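One letter stands for each residue in the lines below.
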Protein chains: 2
Amino acid sequence: MPTYKAPTRDTRFVINELLELESYGNLPGFENATPDLTDAIVEEGGRWAAEVLAPLNQVGDKEGCVRHDDGSVTTPTGFKDAYRKYCEAGWGALSLSPEYGGQGLPHVLGIAMEEYLASSNHAFAMYPGLTVGAVSAILAMGSQELKDRYLPNMISGKWLGTMNLTEPQAGTDLGLLKTKAEPQADGTYSIRGTKIFISAGEHDLSENIVHLVLAKTPGAPESSKGISLFIVPKFLVNEDGSLGERNAVSCGSIEHKMGIHGNATCVMNYDGAKGWIVGEEMKGLAAMFIMMNAARLGVGVQGLAQAEVSYQNAVTYAQERRQGKAIAGRVDPSAGADPIIAHPDVRRMLMDAKAFNEGMRALILWGALQVDLSHKAPDETARQEADDMISLLTPVIKGYGTDKGFDVAVNMQQVFGGHGYIWETGVEQFVRDSRIAMIYEGTNGVQAMDLCGRKLPANGGRAIQEFFKLVDGEIASAKADPQLEPIASRVEKALGEQKAATLWFVQNALAAPNNLGAGAHHYMHIMGIVSLGWMWLRMAKVAAAKLAVGTDDKAFYETKLVTARYFAERFTPDAGALRRKIEAGSEAMMALTPDLFETA
Amino acid sequence: MPTYKAPTRDTRFVINELLELESYGNLPGFENATPDLTDAIVEEGGRWAAEVLAPLNQVGDKEGCVRHDDGSVTTPTGFKDAYRKYCEAGWGALSLSPEYGGQGLPHVLGIAMEEYLASSNHAFAMYPGLTVGAVSAILAMGSQELKDRYLPNMISGKWLGTMNLTEPQAGTDLGLLKTKAEPQADGTYSIRGTKIFISAGEHDLSENIVHLVLAKTPGAPESSKGISLFIVPKFLVNEDGSLGERNAVSCGSIEHKMGIHGNATCVMNYDGAKGWIVGEEMKGLAAMFIMMNAARLGVGVQGLAQAEVSYQNAVTYAQERRQGKAIAGRVDPSAGADPIIAHPDVRRMLMDAKAFNEGMRALILWGALQVDLSHKAPDETARQEADDMISLLTPVIKGYGTDKGFDVAVNMQQVFGGHGYIWETGVEQFVRDSRIAMIYEGTNGVQAMDLCGRKLPANGGRAIQEFFKLVDGEIASAKADPQLEPIASRVEKALGEQKAATLWFVQNALAAPNNLGAGAHHYMHIMGIVSLGWMWLRMAKVAAAKLAVGTDDKAFYETKLVTARYFAERFTPDAGALRRKIEAGSEAMMALTPDLFETA
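Residues numbered from 1 in each chain as written. Chains lettered and ligands numbered in written order. Predicted model: local features only at pLDDT ≥ 70, side-chain atom pairs only at ≥ 80, totals over all residues. Heavy atoms only, no water.

What follows is about the overall build of chain A. When its secondary structure is counted, chain A shows 18 helices and eleven strands. Taking 600 residues into account, the globule formula puts the C-alpha radius of gyration at 25 Å, and chain A, at 24 Å, falls close to it. Principal-axis analysis of the C-alpha atoms gives chain A an extent of 80 × 65 × 60 Å. Long-range pairs, those at least 24 residues apart, make up 73% of the contacts in chain A with a sequence separation of at least 6. For chain A, the exposed surface amounts to about 20,000 Å²; the carbon and sulfur share of it is 52%. For chain A, the separation between the mean place of its 56 positive charges and that of its 72 negative charges on side chains is 4 Å. (Helix = DSSP H or I, 4+ residues; strand = E, 2+ residues; numbered from the N terminus. Rg over C-alpha atoms; globule rule 2.2 N^0.38 Å. Contact = heavy atoms within 4.5 Å. Areas by Shrake-Rupley, 256 points an atom, 1.4 Å probe, with all protein chains shown as cover. Lys, Arg positive; Asp, Glu negative; His and termini not counted. Charge placed at Lys NZ, Arg CZ, Asp CG, Glu CD.)

If you want it as structure tokens, here you go:
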């Protein structure tokens, strides 16, 4: 059976030493986030997730969710009880709005906890995870009445939320939605249509489910400009807040999926269900993006989370499993064979994972801080800068983070040899579960186009120029330290490739937009490499400074320096190859007519 | 439901136009392999696999194999009937020894058929596939008596074979085997021990199962030098060839796996089973390698096979599914959305798959021809050269072929968006099934060490120098043609990276062998890229020549030229990045003590 231990030491390193959260004590909600408190939350949260949720992960995979004839859905054994404990402990409310009962702590802490939840049990974590997006949308766009009616119970966890976007004919292309919202005399809407792939669409965890549903009002144009967002509760809510009659929304079936079996992926039927508009008619896309951006960051976290838990299990196996003799000399000559962690190719896979995981964790928590700053920083410039950064990096965190997170899980499975292919070992589940993160909340191809087509050119390239400035600054400062110089030089080279690729887009994509589409996915990966390289430079600098003044925890900081070097040596070279692919353009890629792809 | 059509046009292109099989008419077994005959076999074999086996692929995944209380195993619905038809049609005997009832046709044809079988139904194809390895070992090392007793029925398919290597404590490291073989007065051996992960270890397809089992005789040294190979039939075979009593070998359990559910992966218990030695005592490793090399080529074929079938399904979906509007201008302005094949990022994934599949098919069939030539070429030099080439390329075909084959399946799943994650679509099964190929018959890390530690330095580097000469020659000839020059230049650059990496190993691996281990996997990938680049150069040359003289099938050859260009543009750049990773050496990779990998 797989095991899990929350990487709390590393989380605390990022929060306290890298981001220096304490220095933001002037922001609302941060005043209480002293290192003592954040350490206590991180440690307790990590312990809780590992103890309560991790043991249910294989159970969830094996049992899956069951839909009954009446349309109700039962979650796997133990999920309901664990969810009750989750609400009682208040884990879901950590960084949510204090106005509606949340604890109002920094988003950084909520995201740290999300990692532990998703490592312990991806399928379980999705239930409260989706609610976060729904809450964001209601907070930003909902009327005061809707906020008062829904947010307190959603933040306490009493009610869970969903996001209803996809329909059979409308996935990425929301302009194709057919679900209709007919205005009623009482100001509500009657919602009719079918939604598919609705995660947590129906279940037995919470007493109500608050569906956020995209639909079209009469006369809306046939494009994404015509969509509106509605709240459609499973049970109507009475004036006094108690639950009323059942709404006309039901689960038609649940999907048989590759993974995340413990989460109910539903076909949802809306048969004249009563809905309340969130914001204005035909302004649904903006509300949807608020919900979506929160969700995308959360999906990036899932990429890291599956990489981390699969890494931990592979490390244990590699330390214990003995096969072959180390080529550079026996490690344990008294035994018949050495532990496989002595073999360079096993090390390669483990170091790749370690370098990705720790770099990604730093980037994600840095990103979460930008979310906080974009709302709470005292001056407008700082808020805008933070907003620019998180808008720019969200598709990178989601796209690069989940592509690589899956790769890491696959490599960790490889460490186990044949045992990795067996269900009981548990690592093949990590591969199957992590695979979805590359697909949902916008496929990684969509993330790449969001990055290159929307985020790069926004405001005349203001965000990407600011990003270059930040990374340039870190490189310049690191190059002054002989210990960090070799790492900085490699990150500098990768950054140079990104700048060249950016310039190539500017020069070649306007006249031929396919050149942008043909290189977008590669560009997203270059930017992922540069972003992690930047984080590794910052982490190496902190580690070098600690070691210079002396520390009790020497091994931790020395390990950071080794891993930073490994990252620089083994991740940055790909940036050059990716740039060359981008510069090849779209001609050969787009030359064939569709029929020529068919097998003859 | 997924569909499959055997890529017979492309197979015939490789056999007739690229390899010019007809020109080897002087070799035994090739005299009959005229284009007419090979075309007929390829077409009929492809049709048969697609019609009979492909419809059973999802059935096999869903039902799996069932072990009953008496230790017997039932295969999924339809497998038994399909296997009977397979034997009746003689598909298994295509390229096997005519001395024992095989058709003796070129190995090239047998391998072409193996691709179709594995694309149609990977789990099914493993049953006869493993028998090929067992037959090779008996043919090469068995006594005349064993050959006469077992080969005719194994070649006809009446009996199936297995390979019993792995034990709980002994995977890659066969020196750790504990299974014992005690010599008996009658010249047989009594075999005791437990084998795990035995594919097709027990089933209901054939009336007997011929296990090839590695075990140690008394006093054998504790290393792979001490192992011997035995035939252990499920039912003893009487003097007259009829089946006698049940041998003391049984299936203890079957594994729950990530994929290939239709194949029974067994724990096999040997409780004093009667065994016959194949070759001499303690010479089992050589026999095992004969069996293994045949199997490794077959596993490389599986990598291609899963990539091909997943590609075909993704193409169909990409042509039919409509989402979004093409950025370079609408393809079908009359509809609400364009087919997703119009989007560059979808093209990128499809072209990556197409370029890999066709390049890999050429490399594999070329490899199969080397197997033929290594046995049948009239002069010793030609036999040795062919043997050098296939020995060198086998780990590349297995390791690179299955790493990339899996990547392609994952990307093809991505083309389907959310639908790709659903079981019914079928593509997630291709991902799960293809994953095993990176693991079994020696993990890809083992392949990389076989390539770099054994095959590169063998005979003073004779094989790799010959490989460089072959690729150099092709590049020089292609550079003379202005149409091919841009492709040739890119392949030349990649070859330059491989030569540099080879030299770096020579200069840096002797003193510090970890430098070899640290770069081996990357080197295997560089060599995969160069090998496919070489094949693409050869294919482009054939296509250009056809187009120059005029052809009815212009689109086919023009598509080859476009795909060759795409390969050169999008695959070769990675060679440079991989070389830089190799040249980073093993220092950072090996710096940490094993405990420092643990999560704190």
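Residues and elements named next belong to chain B. Assignment of secondary structure puts Lys376 in helix H9 (residues 344-376). With relative accessibility at 24%, the residue Lys376 sits in the partly exposed group. With 122 residues separating them in the primary sequence, Lys376 and Ile254 have C-alpha atoms 41 Å apart. Excluding residues within four positions of it along the chain, Lys376 makes contact with Leu27, Pro28, Gly29, Phe30, Gly104 and Leu105. In terms of polar contacts, Lys376 uses its side chain to reach the backbone carbonyl oxygen of Pro28, at 3.2 Å. (Buried < 20%, exposed > 50% of the residue type's maximum accessible area, 1.4 Å probe, protein only. Polar contact = N/O pair within 3.5 Å; in protein donor to acceptor, adjacent residues only side chain to side chain.)

To continue, consider the packing of helix H6 (residues 122-141) of chain A against helix H8 (residues 284-320) of chain A. Residue and element names in this part refer to chain A. At their nearest, the axes of H6 and H8 sit 8 Å apart, and the two run at 155° to each other. Classified by the angle between their axes, H6 and H8 sit roughly antiparallel to one another. Handedness of the crossing formed by H6 with H8: right-handed. When H6 is examined against H8, the residues His122, Met126, Gly133, Ala134, Ser136, Ala137, Ala140 and Met141 are found in contact with a partner set consisting of Ala286, Ala287, Ile290, Met291, Ala294, Gln302 and Gln306. (Axes fitted to C-alpha atoms, helices over the stretch in contact; angles between N-to-C directions. Parallel < 35°, antiparallel > 145°, perpendicular 65-115°, else oblique. Left-handed = near helix turned anticlockwise from the far one by under 90°.)

A separate point is the nonpolar core. If you look at the biggest cluster of nonpolar residues, it comprises 195 residues, and the most contacted ones within it are Tyr150, Leu350, Leu392, Phe467 and Tyr523 of chain B. The dominant element in this core, judged by the number of residues it contributes, is helix H15 (residues 514-549) of chain B, at 18 residues. Dropping the residues within four chain positions of it, Leu392 of chain B is found in contact with Leu451, Lys455, Leu456, Ala463, Ile464, Phe467 and Met527 of chain B. Counting 194 residues, the second-largest nonpolar core is a separate cluster that includes Leu19, Trp159, Val408 and Ala520 of chain A. (Core = buried A, V, L, I, M, F, W, Y, C linked by side-chain atoms within 4.5 Å.)

Okay, the packing of aromatic side chains next. Applying the stated criterion across every chain, the model contains 41 aromatic pairs over all chains. Aromatic pair Trp48 of chain B and Trp91 of chain B: ring centres 6.4 Å apart, planes at 50°, arrangement tilted. Here Trp48 of chain B is found in helix H2 (residues 35-53), whereas its partner Trp91 of chain B is found in the loop between helix H4 (79-89) and helix H5 (107-120), with 43 residues between them in sequence. Within the aromatic cluster, the residues linked to one another by ring pairs are Trp48, Phe79, Tyr83, Tyr86, Trp91 and Phe124 of chain A. (Phe/Tyr/Trp six-rings, centres within 6.5 Å; stacked < 30°, edge-to-face > 60°.)

When chain B is brought onto chain A, the operation consists of a screw motion whose angular component is 180° and whose axial shift is 0.0 Å, with 0.0 Å RMSD remaining. On this basis, the relationship between the two copies can be described by a two-fold rotation axis. No C-alpha of chain B approaches the rotation axis more nearly than that of Ala577 of chain B, which lies at 3.0 Å. Mapped onto chain A, 100% of the interface residues of chain B again fall at the interface, so both copies present the same surface. (Least-squares fit on C-alpha atoms with pLDDT ≥ 70 in both.)

With that settled, the discussion passes to helix H13 (residues 462-479) of chain A. Residues and elements named next belong to chain A. With 18 residues, H13 extends 26 Å between its outermost C-alpha atoms, agreeing within 8% with the 26 Å of an ideal straight helix rising 1.5 Å per residue. Three or more residues of H13 are buried, namely Ala463, Ile464, Glu466, Phe467, Phe468, Val471, Glu474, Ile475 and Ala478. Taken together, the buried residues of H13 touch helix H10 (380-415), helix H14 (485-508) and helix H15 (514-549). (Expected span 1.5 Å × (residues − 1).)

Moving on, we come to the pairing of strand S6 (residues 208-216) of chain A. All names here are of chain A. Of all nine residues making up S6, nine are buried, and the element is well covered by its neighbours. As defined by bridge partners, strand S3 (residues 159-164) adjoins S6 across six bridges and the pair is classed as parallel. When the bridges of S6 are listed, Asn164 appears paired with Val213. In this sheet, strand S7 (residues 227-233) lies alongside S6 in antiparallel orientation, the contact comprising seven bridges. (Pairing = 2+ DSSP bridges.)

With that settled, consider the pattern of salt bridges. Residue and element names in this part refer to chain A. The full count for this structure, using the stated rule, is 81 salt bridges over all chains. A salt bridge links Glu474 to Lys541; the nearest nitrogen and oxygen atoms lie 2.9 Å apart. A residue pair is termed long-range when its members are at least 10 positions apart, and Glu474 in helix H13 and Lys541 in helix H15 qualify at 67 residues. We classify Lys541 as partly exposed; its relative accessible area is 34%. (Salt bridge = Lys/Arg side-chain N within 4 Å of Asp/Glu carboxyl O.)

To continue, consider helix H12 (residues 444-455) of chain A. Inspection of H12 of chain A places Asn444, Gly445, Gln447, Ala448, Asp450, Leu451, Cys452 and Lys455 of chain A among the buried residues, and these make up the whole buried set. Contacts made by the buried residues of H12 of chain A are with H8, H10, H14 and H15 of chain A together with H9 and helix H10 (380-415) of chain B.

A few words on the packing of H8 of chain A against helix H11 (residues 427-435) of chain A. Relative placement of two packed helices is described by the angle separating their axes and the distance separating the axes. Residues and elements named next belong to chain A. Taken N-terminus to C-terminus, the directions of H8 and H11 make an angle of 165°; their axes are 10 Å apart at the nearest point. With respect to H11, the element H8 is oriented roughly antiparallel. Between H8 and H11 the crossing geometry is left-handed. Of the residues in H11, those in contact with Gln306, Val309, Ser310 and Asn313 of H8 are Val427, Phe430, Asp433 and Ser434. Across the contact of H8 with H11, the residue classes tally to three nonpolar, four polar and one charged. (Nonpolar A, V, L, I, M, F, W, Y, C, P; charged D, E, K, R; others polar.)

Nothing here speaks to function; it is geometry throughout.
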